[in-house]
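Secondary and tertiary structure notes
Here is what each chain is made of, one letter per residue.
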Amino acid sequence: MNIAFSPCPNDTFVFHAWVHGLIPGAPQLNVTYADIDITNNLAANPSSHELDILKISYAALPWVLDEYALLPCGGALGRGCGPLVLTANQGNGTQDPSILSGQRVAVPSERSTAYMLFRLWAAQNVPAGIGEIVVMPFDQIMPAVRDGSIDAGLVIHEARFTYPSYGLSLLTDLGNWWEHDTGLPIPLGAIIAKRTLDLQQIVDCTRKSVEYAWAHPAASQEYVLQHAQELDPKVADQHINLYVNEFTASLGEDGYAAITSLLNRAAEEGIVPAIPAEALKWSK
């Protein structure tokens, strides 16, 4: 079975047990490690690859649900874990959002949840509009902002913990904005699988892999750090603790409510096509 997910600590932690044959009866996985922008585009073009399971942004779901089903586990939702908007201006987190008017902003993907949240936030807070959006791999964004080739950056993952080391300042925490506005967790990354497969088997294996990771946290450490070599082990642990949580084991009512709210708001703004809520769930 072919799977694609990012080399980030939360994904390698979640899938370590399945990848390494530690789930009895689970099919063998052939892994492609890829940035989220790549997997978003692959999911939208299933004829271009042979991937059965992918980790994508929730923002990309409306374009892939005909071919793929959203799995109720394995992904990343949470609280206090949202994307950040950073600038090189020294400040205390209370900068005026209007400074982004007409500016160049780097984002990790135009079909990422981070970018969707940014567009929803900017519609309310930057009425004059952003100047230019530049897509680049997430690990290149902070250096670009620091070096002045970009005016601001939308960052995800471990950047939440490391941006001060680049001398950058927080303009806004989009997760805090979303949670204050909705009371719901932030939907970030989704696990999807081809509808033609045995989805119950994939769900069971994914959930068992999550449970194994929690029961044996040290077992995956070498694998996690191998694919996140630039991270200090403590930062990798912070990353895992933030993004692997109750919603990773099961989306639950709050998880589905958060996904529905995000995609409905985005559809109202014309960012994504509207989808019926029932399309997010599959039946056995």
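All figures in this text were calculated on a predicted structure; none of them were measured in a lab. (Residues numbered from 1 in each chain as written. Predicted model: local features only at pLDDT ≥ 70, side-chain atom pairs only at ≥ 80, totals over all residues. Heavy atoms only, no water.)

1. Topic: the overall build of the protein chain
On a plain count of helices and strands, the protein chain comes out with eleven helices and eleven strands. For the protein chain, the spread of C-alpha atoms along the three principal axes comes to 55 × 40 × 35 Å. Buried positions account for 54% of the 284 residues belonging to the protein chain. For the protein chain, the proportion of contacts with a sequence separation of at least 24, taken over those separated by at least 6, is 80%. Averaged over its 15 positive side-chain charges, the protein chain has a centre that lies 3 Å from the centre of its 30 negative ones. (Helix = DSSP H or I, 4+ residues; strand = E, 2+ residues; numbered from the N terminus. Buried < 20%, exposed > 50% of the residue type's maximum accessible area, 1.4 Å probe, protein only. Contact = heavy atoms within 4.5 Å. Lys, Arg positive; Asp, Glu negative; His and termini not counted. Charge placed at Lys NZ, Arg CZ, Asp CG, Glu CD.)

2. Section: helix H6 (residues 174-182)
When we look at burial in H6, the residues that qualify are Leu174, Gly175, Trp177, Trp178 and Glu179. Between the side-chain oxygen of the N-cap and the backbone nitrogen of Gly175 there are 2.9 Å, and the N-cap of H6 in question is Asp173. Immediately beyond the C-terminal end of H6, within one or two residues, lies Gly183, with a positive phi of roughly 75°. (Polar contact = N/O pair within 3.5 Å; in protein donor to acceptor, adjacent residues only side chain to side chain.)

3. Notes on helix H1 (residues 9-19)
Here H1 lies mainly inside the structure; ten of its eleven residues are buried. Along H1, the residues classified as buried are Pro9, Asn10, Asp11, Thr12, Phe13, Val14, Phe15, His16, Ala17 and Trp18.

4. Brief notes about the pattern of salt bridges
What the rule picks out here adds up to five salt bridges. The closest approach of N and O atoms between Glu132 and Arg104, which form a salt bridge, is 3.0 Å. Placement of Glu132 in strand S8 (residues 132-135) and of Arg104 in strand S7 (residues 104-107) is noted, with a sequence separation of 28 residues between them. Residue classification places Glu132 among the partly exposed positions, given a relative accessible area of 38%. (Salt bridge = Lys/Arg side-chain N within 4 Å of Asp/Glu carboxyl O.)

5. Notes on the packing of aromatic side chains
All told, the structure shown has five aromatic pairs when counted by the stated rule. For the ring pair Tyr115 and Phe118, a centre distance of 6.5 Å and an interplane angle of 25° mean the geometry is stacked. On the criterion of helical spacing, the pair formed by Tyr115 and Phe118 is a turn pair, its members being three residues apart in helix H3 (residues 113-125). In terms of burial, Tyr115 and Phe118 fall into one category: buried. What links up through ring pairs into an aromatic cluster is the set Phe5, Phe15, Trp18 and Tyr33. When the ring centre of Trp63 is taken as origin, the NZ or CZ atom of Arg111, which lies over that ring, is 3.9 Å away. (Phe/Tyr/Trp six-rings, centres within 6.5 Å; stacked < 30°, edge-to-face > 60°. Lys NZ or Arg CZ within 6 Å of the ring centre and 35° of its normal.)

6. Regarding the environment of Asn89
You can see Asn89 is positioned in the loop between strand S6 (84-87) and S7. Under the relative-accessibility criterion, Asn89 is labelled partly exposed at 43%. Excluding residues that lie within four positions of it along the chain, Asn89 makes contacts with Gln95, Ile99 and Ser169.

7. Things to note about the side chain of Asp173
Examined against the element boundaries, Asp173 turns out to sit in strand S10 (residues 169-173). A residue is classified by how much of its surface remains accessible, and Asp173, at 10% relative accessible area, is buried. Leaving out residues up to four positions away in the same chain, Asp173 has contacts with Gly82, Pro83, Leu84 and Arg160.

8. Digging into the packing of H6 against helix H11 (residues 252-268)
Between H6 and H11, the least distance of the axes is 12 Å, while the angle of their chain directions is 100°. In terms of their interaxial angle, H6 and H11 are classed as roughly perpendicular. On H11, the residues touching Trp178, Asp181 and Thr182 of H6 are Ala258, Ser261, Leu262 and Arg265. Tallied by class, residues from the contact of H6 with H11 come to three nonpolar, two polar and two charged. (Axes fitted to C-alpha atoms, helices over the stretch in contact; angles between N-to-C directions. Parallel < 35°, antiparallel > 145°, perpendicular 65-115°, else oblique. Nonpolar A, V, L, I, M, F, W, Y, C, P; charged D, E, K, R; others polar.)

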